[in-house]
Amino acid sequence: MTTAALPDTHPPNPKSYWKRNQQRLAPWLFLAPGIAMFVLYVIAPIFQSISISFYAWDGLGEAEYIGIANYVELMDDEDFYTSLKNNVIWLVLYMLALPAGLFVALFLNQTVRGIRIYKSLFFFPFVISQVVVGLVFSWFYDPSFGLFNIVTGWFGADPIAILADERYVTYGIIAAGLWPQTAYCMILYLTGLNAVDPEQIEAARLDNAKGFKMLWYVVLPQLKPATFIAVVVTVIGALRSFDLISIMTDGGPYGTSSVLAFYMYEQAFSEYGFRMGYGAAIAVVLFAIMMIYIAFFLWKMYRDERGG
Amino acid sequence: MFPKPIEKTSSGAQLAYKIALPLVLILWLLPLIAVAVTSVRSGGDITAGNYWGWPTSFNFIENYTAIFTNTPIGQYILNSFKVTIPTVIGAVALSCMTGFALGVYRFRGNLLLFFMFVAGNFIPFQILMVPVRDLTLDLGMYNTIHGLALFHIAFQTGFCTLFMRNFIRALPQELIEAARVEGVSEIQIFWYVVLPLMKPAIAALSVLIFTFIWNDYFWATVLTQGADTQPITAGLYSLNGQWVAQWHLVSAGSIVAALPPVLMFFAMQRHFIAGLTLGAVK
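Residues numbered from 1 in each chain as written. Chains lettered and ligands numbered in written order. Predicted model: local features only at pLDDT ≥ 70, side-chain atom pairs only at ≥ 80, totals over all residues. Heavy atoms only, no water.

Chain B goes by sn-glycerol-3-phosphate transport system permease protein UgpE in an unreviewed UniProt entry, where it is assigned to Sulfitobacter albidus. Listed in UniProt under the heading Subunit (unreviewed entry), the comment for chain B reads: "The complex is composed of two ATP-binding proteins (UgpC), two transmembrane proteins (UgpA and UgpE) and a solute-binding protein (UgpB)." Under the UniProt heading Sequence similarities (unreviewed entry), the note attached to chain B is "Belongs to the binding-protein-dependent transport system permease family." (UniProt positions renumbered as here; feature names shortened; annotations may be inferred.)

Per an unreviewed UniProt entry, chain A carries the name Sugar ABC transporter permease and comes from Sulfitobacter albidus. Recorded under Sequence similarities (unreviewed entry), the UniProt text for chain A is reproduced unchanged: "Belongs to the binding-protein-dependent transport system permease family." Checking UniProt for chain A, the heading Subcellular location (unreviewed entry) contains the comment "Cell membrane".

Set out below in structure tokens:
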């Protein structure tokens, strides 16, 4: 009680423990709630999932330790390979969002009247939920009246039920996903283009560089930070793809449009019964794939931190 | 500037550009335009197969009243707000503190903790799904709005910490040093010196998190069920099952679901884009 009043009478020396150590203690005080929440809901569950993947568990009864049996089963699971293959297709095709986004950004990088409104309207697809995007595109692909078949019909093609055809279904969903993802990449590139050094452009112009040459040798190198972020968010977006698949096809037909994220969900809670352990094993595989990218990102961040 | 400013090109090219701009936009937004038009069509149009032609009548009020009176869409929207607003406040508050701690102080483990938040934010949701669902069940918060919001707060803290910490790093550190010399306590520095400077970051994160959480579908299906607690994304999906072939209602529902984040984006555009493009410019 009395010590609290002391600092006023004897300024520097006999301060409270808090006052003497506050620079050391303060960060932990500020970090405590955030760390507690993050560890409870994000960090600990990762390890729990890894451990659950060694059990057979329906989510309610006793979990039974079965070692690596879930992983062994995965090796022979055709649906797992289908999902994995689709993940690879997603990863590859999702990258189209980068050139597409760059293309739209270049198209919009002008200063005509009203261009700001155009830019925001182009960004629209990213702001709305993937549930809405999924519903809209399912409707577009409808074989009897969908716009897609009307347009292909003009060219004499027979109607195709994209979402019911195992040959096309994954591509159809990816096309829907590319719409918002392209908008995201476009915004990243528009911001990047704003920061491109005009003097370098002028200098290159004097050297007669233009068009594609200018883009490739002068502009793109300056867009490297934007490209890096675009790659990161696109890879993560591709590997996280779940909403569109769940909305548009529910993994069908016969699981042919499934990806790991969806297959995991389906195994863990579905009409086939709750296979939490098996689902966790699939999640661990997905996590391992994603860790490659996360590690790469962190490594780059670490280098930047040391450098700057 | 690249590409070449359009003002410096021939008048033909300028004209072509001005014509191309709205055309490309219409093509780009065609799915949304179609949905908006369909949302005011009559049910008769839909049964007659008039999906793409001019609507025979404009049933704006009928369709939108119908979805609010015949379905729990109002409740779904309310649930979305009840999950989204506390999440925005919680995640921004937590990350102001973590960002401050990681951005201002030098201590052992600083970078490691920072990387923990960054890495956690990129993780696939599926690795968290089973344990988080169990945790929420154990806490007695399965199928509640708080249960869903609590998880969102924790998870979004990862991304928000990355953002806040980098933002604080870019502030002039002399301000903090000067306050220390004056004998201002660390908590007061946070509250009176740093927090007022964070307003742009807080605004940027608030709109972003609002949009992310509003649009979340995965966790809504994992942690909630039924119209009492489910947010609009999950609600829209279940309504879609009931509205078989009633595309005018599906469309109206989609528009209603998309509206809040869209309005938010238009009101706070600059902040929104600043948040998304973090790190895209060096």
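> Could you clarify how one ought to interpret the overall build of chain A in this entry?
The helix and strand tally for chain A stands at 15 helices and two strands. What you see for chain A is a C-alpha radius of gyration of 26 Å, clearly larger than the 19 Å of a compact globule of 308 residues, by over 25%. Overall, chain A is about 95 × 75 × 30 Å in size when its C-alpha atoms are taken along their principal axes. Expressed as a percentage of its 308 residues, the buried residues of chain A come to 53%. (Helix = DSSP H or I, 4+ residues; strand = E, 2+ residues; numbered from the N terminus. Rg over C-alpha atoms; globule rule 2.2 N^0.38 Å. Buried < 20%, exposed > 50% of the residue type's maximum accessible area, 1.4 Å probe, protein only.)

> Is there a simple way to explain the overall build of chain B in this structure?
In terms of regular secondary structure, chain B is built from 15 helices and zero strands. Against the globule reference of 19 Å for 282 residues, chain B gives a C-alpha radius of gyration of 24 Å, more extended than a compact globule. Residues classed as buried in chain B amount to 60% of the 282 residues present. Element-wise, carbon and sulfur atoms account for 68% of the exposed surface of chain B, whose accessible area totals about 11,600 Å². (Areas by Shrake-Rupley, 256 points an atom, 1.4 Å probe, with all protein chains shown as cover.)

> Even after reading the chapter, I still don't get the interface of chain B and chain A, so can you show me in this structure?
Interfaces are frequently sized by the accessible area removed from exposure as the parts join. Between chain B and chain A, the contact holds 105 residues from the first and 103 residues from the second. When the two sides are added together, the surface that chain B and chain A hide from each other amounts to roughly 9,700 Å², 78% of it contributed by carbon and sulfur. In this assembly, chain B and chain A are joined by two salt bridges. Across the salt bridge formed by Arg165(B) and Glu305(A), the nearest N and O atoms sit 2.8 Å from each other. (Contact = heavy atoms within 4.5 Å. Buried area = accessible area lost by both parts, 1.4 Å probe. Salt bridge = Lys/Arg side-chain N within 4 Å of Asp/Glu carboxyl O.)

> Looking at this structure, how should I read the UniProt feature "transmembrane region" (unreviewed entry) in chain B?
Residue and element names in this part refer to chain B. When the UniProt feature table is mapped to this numbering, "transmembrane region" (unreviewed entry) covers residues 20-40, 83-104, 111-129, 149-168, 189-214 and 247-268. Annotated as residues 111-129, this span is 84% helix and 0% strand, and its ends, taken at the C-alpha atoms, are 27 Å apart. Between the end C-alpha atoms of residues 149-168 there is a gap of 26 Å, over a span that is 100% helix and 0% strand.

> How should I be thinking about the pattern of salt bridges in this particular structure?
Oppositely charged side chains are able to pair whenever their charged atoms sit close together. Inspection of the entire model under this criterion finds nine salt bridges over all chains. Residue Arg169(B) pairs with Glu305(A) through a salt bridge whose shortest N-O separation is 3.6 Å. Pair noted here: Arg169(B) is in helix H8 (residues 145-169) and Glu305(A) is in helix H15 (residues 276-307), and the two residues belong to different chains. Overall, the relative accessible area of 23% leaves Glu305(A) in the partly exposed class. Close ionic contact of Glu186(B) with Arg180(B) constitutes a salt bridge, the shortest N to O distance being 2.9 Å. Through salt bridges with shared partners, one network takes in Glu305(A), Arg165(B) and Arg169(B).

> Can you help me understand the side chain of Thr211(B) in this one?
Structurally, Thr211(B) is set in helix H11 (residues 199-214). When residues no more than four places from it in sequence are discounted, the contact partners of Thr211(B) are Val127(A), Pro261(B) and Phe272(B).

> Help me understand the packing of helix H2 (residues 17-52) of chain A against H8(B), please; the structure alone is not making it clear to me.
Angle between the axes and distance between the axes: these two values describe a pair of packed helices. Remark: H2(A) packs on H8(B), axes separated minimally by 9 Å, with the N-to-C direction vectors making an angle of 105 degrees. Viewed along their axes, H2(A) and H8(B) adopt a mutual orientation that is roughly perpendicular. In this structure, H2(A) uses Met37(A), Phe38(A), Tyr41(A) and Val42(A) to contact H8(B), whose residues at the interface are Leu150(B), Phe151(B), Ile153(B), Ala154(B), Phe155(B) and Gly158(B). The residue makeup of the contact of H2(A) with H8(B), split by class, is nine nonpolar, one polar and no charged. (Axes fitted to C-alpha atoms, helices over the stretch in contact; angles between N-to-C directions. Parallel < 35°, antiparallel > 145°, perpendicular 65-115°, else oblique. Nonpolar A, V, L, I, M, F, W, Y, C, P; charged D, E, K, R; others polar.)

> Any chance you could explain helix H14 (residues 247-267) of chain B here in plain terms?
A turn of α-helix holds 3.6 residues, and therefore any two residues three or four places apart point the same way. Residue and element names in this part refer to chain B. With 21 residues, H14 should reach 30 Å at 1.5 Å per residue; the first-to-last C-alpha distance of 30 Å fits that figure. Of all the bends in H14, the greatest reaches close to 40 degrees and is centred on Leu259; the proline Pro260 follows between one and four positions later. Across the 21 residues of H14, 16 count as buried, placing the element largely inside the fold. (Expected span 1.5 Å × (residues − 1). Bend = angle between axes of the 7 residues up to and from the residue.)

> Is there a simple way to explain helix H5 (residues 97-108) of chain A in this structure?
Taking 1.5 Å as the rise per residue, H5(A) with twelve residues should run 16 Å; its terminal C-alpha atoms sit 16 Å apart, in good agreement. Those residues of H5(A) that fall on the buried side of the exposure criterion are Ala97(A), Leu98(A), Gly101(A), Leu102(A), Val104(A), Ala105(A), Leu106(A) and Leu108(A). Its buried side turned inward, H5(A) meets helix H4 (78-94), helix H6 (115-127), helix H9 (169-194), helix H11 (211-222) and helix H12 (224-240) of chain A together with helix H1 (11-28) of chain B.

> What am I meant to see in a nonpolar patch on the surface here?
Residues and elements named next belong to chain B. Among the surface-exposed residues, Ile26, Leu27, Leu30, Ile33 and Val37 lie close enough to one another that they form a single nonpolar patch of about 400 Å² accessible area. Those elements giving two or more residues to the nonpolar patch turn out to be H1 and helix H2 (30-38). No other element matches the three residues that H2 contributes to the nonpolar patch. Secondary-structure assignment places Val37 in helix H2. A relative accessible area of 30% means that Val37 is categorised as partly exposed. (Patch = residues over 30% accessible without salt bridge, like charges linked within 9 Å, V, L, I, M, F, W, Y side chains within 5 Å.)

> Can you walk me through the confidence of the model for chain B in this structure?
In low-pLDDT segments, the atomic positions of the prediction should not be examined closely. Residues and elements named next belong to chain B. Of all residues in chain B, 100% attain a pLDDT of 70 or more, and the chain-wide mean is 92. Of all helices and strands in chain B, the one with the weakest mean pLDDT is helix H3 (residues 43-47) (84), whereas helix H5 (residues 73-104) scores best (97). As a predicted assembly, this complex carries a pTM of 0.93 together with an ipTM value of 0.93. (pLDDT = per-residue confidence, 0-100.)

> Whenever I open this one, the side chain of Thr170(A) confuses me. Can you help?
Along the chain, Thr170(A) falls in helix H9. Of the residues examined, Thr170(A) reaches a relative accessible area of 4% and is grouped as buried.

> What's the story with the environment of Gln173(B) in this structure? I'm lost.
Residue and element names in this part refer to chain B. Residue placement: Gln173 occurs in the loop between H8 and helix H9 (174-181). A relative accessible area of 28% means that Gln173 is categorised as partly exposed. Taking the C-alpha atoms as reference points, Gln173 and Val194, 21 residues apart in sequence, are found 9.9 Å from one another. Not counting chain neighbours up to four residues away, the residues in contact with Gln173 comprise Gly103, Val104 and Ile168.

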